[in-house]
Each structure stands twice: as structure tokens, then as C-alpha cells.
Amino acid sequence: MAHLATPPQPALAALNRAPAQLWLPRFSLSHCVRAVVSRSTVGVGRDWPAEWHHNHFPASPLCALSWFFHGHAELLPPDGPPERLPPVYLSGPFTRPTRSRSTPEGHGMMLMLLPDALQALTGLDPSTLVNRCVPVEDRLGADWCALARAVREAPDDPARLALIEDFLEPRWQACRPAGSVPGWTHLQDWTHGLSLRAAASGMGRSLRAAERRIKGWAGLPMRELRGLGRAEQAFFRVLAAGEGPVDWAGVAADTGYADQSHLCRETRRVTGFAPAELRRRIAEDEAFWIYRVWG
């Protein structure tokens, strides 16, 4: 069964005013599901100031199947009007940070899938979902739509998790790449594994052929995947500092950046904020709740 993950910094996660939980999947699904995240503002959010109902998410290579059980949310594009999200929707990798706004009271869940796993399970090309959120019935088959309905109708989050894992388990075991060994990995490790698999599979083993395979599995080019993995490693490195001072030059050196300026540019590209400003907002702003529980 999925188990509730311990936040990297419990004191930071405790700052969330609404219950937000992150589950890691059963071990056999570790190369398929990155995590399941749930958050509810039911009973606590009705009197919040408007800005507390915003949500900030970083760029990510992950795909997600998301549900609203109560309330709804709308995307807030930087260059267009708000876009209301469907009750159940599929989203692809995002190459830019995103911001959304939830109703005062809401309860939602995200099943975060590695993009190559979604491709193996459904045949979908993740590149067609980059920076997009679409109704689940537009892209997934009848069995996935039936799962989506069953999860919405389930009585609580543990029951929803059981439905998701029991649905995925036989399908993933039937299609998972040969030689993959279960085990939880960070994005950098997953990206490295993709690179090795691409180099060792198929006809044609040139660098260009391997890069085409990787983009077909993950929807993004290797350069983008490596940048996102590096950004996640830097995030974990900063979390490890707790409330103490951060040696930004040391973080850059330890996580593969050319220098501190490179770290600052990439952090702004992935999250929308410079590193020190992002750290401050995570500690002070309810809209950054996902950063507080990610591990």
C-alpha cells in the first residue's frame, strides 16, 4: 500500500494552514508513480484572504491525473484570462511554472506519473501534453475514465489510493520496461536511467537516436530533463539547511550548476523566483504549500 511520506522539513510542512499530504506508492509502482498529493481547505479556507487561495507549482517533467472532490480551481496564465479546470483532468510536463486559484473551500488530489510510465501504460505521446491540461475523457480510454469516476465517488483518500494502486499494479507489471528495478528515485536518477535505456535499446545508437527515444518516452528533450532534475536537487539541498544560512555558491557547485548566477537563472526559470525569494515565500506564503511537503 501507499504510505504517507515524512516531509523533509516537518516544521516547514506544519506551516500549511490546510491539510496537505504526500503519499509514496507501493514499492512495485515506484518507477510508475512519483507520488500522490492531496489537499483540502474544506472547513478551514472560507475566511482566508484571497491570496491564500492561490497555488504555485514549479516546472516539472511529471504528468498528472487530477481530481476535484469539492470546489474547483482555475489556471492563471501570465498572458491570458483564467481557465477553469475540469473536475478530472490530465496534465503533461510543464516547462514553466504555473499558478492557479482555488475556490475558498476545496479538496483535490493529484496522481503524479512519470511521463515514460504514462506513455507505456496508455500509448500517449507526452509531448502532445506539454504545458496543457485536458479533460480526462479527451485522451484516456474507457478503463481510465471508469477509474476517474470511481475515485471521485470513493468515500475518502485511503479508499481512493487503494483504487488507484489496484488499477495500476497489473497494468504496470505488464508493460514496464525490461530490466527496471523497483526503487524510489529523484528526477536526476530517473533521467540518468532514461539515458542508459535509450542508449541500449532499438536500432541506431547514435546520440541523436537516443535523444529521439528519450523525447518520445518523456515528452521533453534530455537537456530540459537534466535542468529540472538539477533544480530539484538544489531544492533538496536548500531544504537540508533548515532555517540556517544558505551557501548559494556551494549549492550551485554541489548540484551541477556552472556558478551561482547559473543557479539563480535556472531557479527563476523553473519556479518564477530567485532562490532567496523562493525560500522566503515557501516559509511565509500559503500558496507555496506544495514545496513544503515535497520530498
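A brief structural summary.

Rules of the game
- Residues numbered from 1 in each chain as written.
- Predicted model: local features only at pLDDT ≥ 70, side-chain atom pairs only at ≥ 80, totals over all residues.
- Heavy atoms only, no water.
- Helix = DSSP H or I, 4+ residues; strand = E, 2+ residues; numbered from the N terminus.
- Buried < 20%, exposed > 50% of the residue type's maximum accessible area, 1.4 Å probe, protein only.
- Polar contact = N/O pair within 3.5 Å; in protein donor to acceptor, adjacent residues only side chain to side chain.
- Pairing = 2+ DSSP bridges.
- 1 Å grid on protein atoms, 1.4 Å probe; cavity = no way out; pocket = protein on both sides within 12 Å on 5 of 7 lines; lining within 4 Å.
- Points joined across faces, edges and corners; volume = space filled by probe spheres on them.
- Nonpolar A, V, L, I, M, F, W, Y, C, P; charged D, E, K, R; others polar.
- Axes fitted to C-alpha atoms, helices over the stretch in contact; angles between N-to-C directions.
- Parallel < 35°, antiparallel > 145°, perpendicular 65-115°, else oblique.
- Contact = heavy atoms within 4.5 Å.

**Considering the side chain of Arg34**
Item 1. Structurally, Arg34 can be placed in strand β3 (residues 33–40).
Item 2. On the basis of relative accessible area, Arg34 is assigned to the buried category, the value being 8%.
Item 3. Within the structure, the side chain of Arg34 is placed 2.9 Å from the side chain of Glu232, a separation counted as a polar contact.

**Concerning the sheet that holds strand β9 (residues 98–102)**
Strand pairing in a sheet relies on backbone hydrogen bonds. The paired strands run either parallel or antiparallel.
Item 1. Taking strand neighbours across the sheet as the criterion, the four strands line up as β4-β9-β6-β7 in an open arrangement whose pairing is antiparallel. One side of each edge strand has no neighbouring strand; the edge strands of this open sheet are β4 (54–57) and β7 (83–84).

**With respect to the environment of Pro155**
Item 1. Among the secondary structure elements, Pro155 is positioned in the loop between α4 (142–153) and α5 (157–175).
Item 2. Considering only alpha carbons, one finds Pro155 and Cys145, 10 residues apart in sequence, at a separation of 18 Å.

**Brief notes about the layout of surface pockets**
Item 1. Quantified by volume, the second largest pocket comes out at close to 370 Å³.
Item 2. Together, 19 residues line the second largest pocket, and Leu76, Pro77, Pro78, Pro97 and Thr98 are the ones closest to its centre.
Item 3. Elements represented by at least two residues in the lining of the second largest pocket include exactly β4 and β9.
Item 4. Among the residues making up the lining of the second largest pocket, the classes are represented as nine nonpolar, five polar and five charged.

**Thoughts on helix α2 (residues 115–122)**
Item 1. Here α2 has its buried residues at Pro115, Asp116, Ala117, Leu118 and Leu121.
Item 2. Gly123 occupies a position one or two residues after α2 and carries a positive phi of about 80 degrees.

**Topic: the packing of helix α8 (residues 222–239) against helix α10 (residues 260–271)**
Item 1. Interhelical geometry of α8 versus α10 gives an angle of 105 degrees and a closest axis separation of 10 Å. Taken as axis vectors, α8 and α10 run roughly perpendicular relative to one another. Along the contact surface, α8 presents Glu224, Gly227, Leu228, Arg230, Ala231 and Ala234, while α10 presents His262, Leu263, Glu266, Arg269 and Val270.
Item 2. Classifying every residue of the contact of α8 with α10 by side-chain character gives five nonpolar, two polar and four charged.

**Side note on unusual backbone geometry**
Item 1. Phi at Asn131 takes a positive value of approximately 60 degrees, unusual for a residue other than glycine.
Item 2. Summarising the element assignment, Asn131 is placed in the loop between α2 and β11 (133–135).
Item 3. Relative accessible area serves as the criterion here: at 21%, Asn131 is assigned to the partly exposed category.

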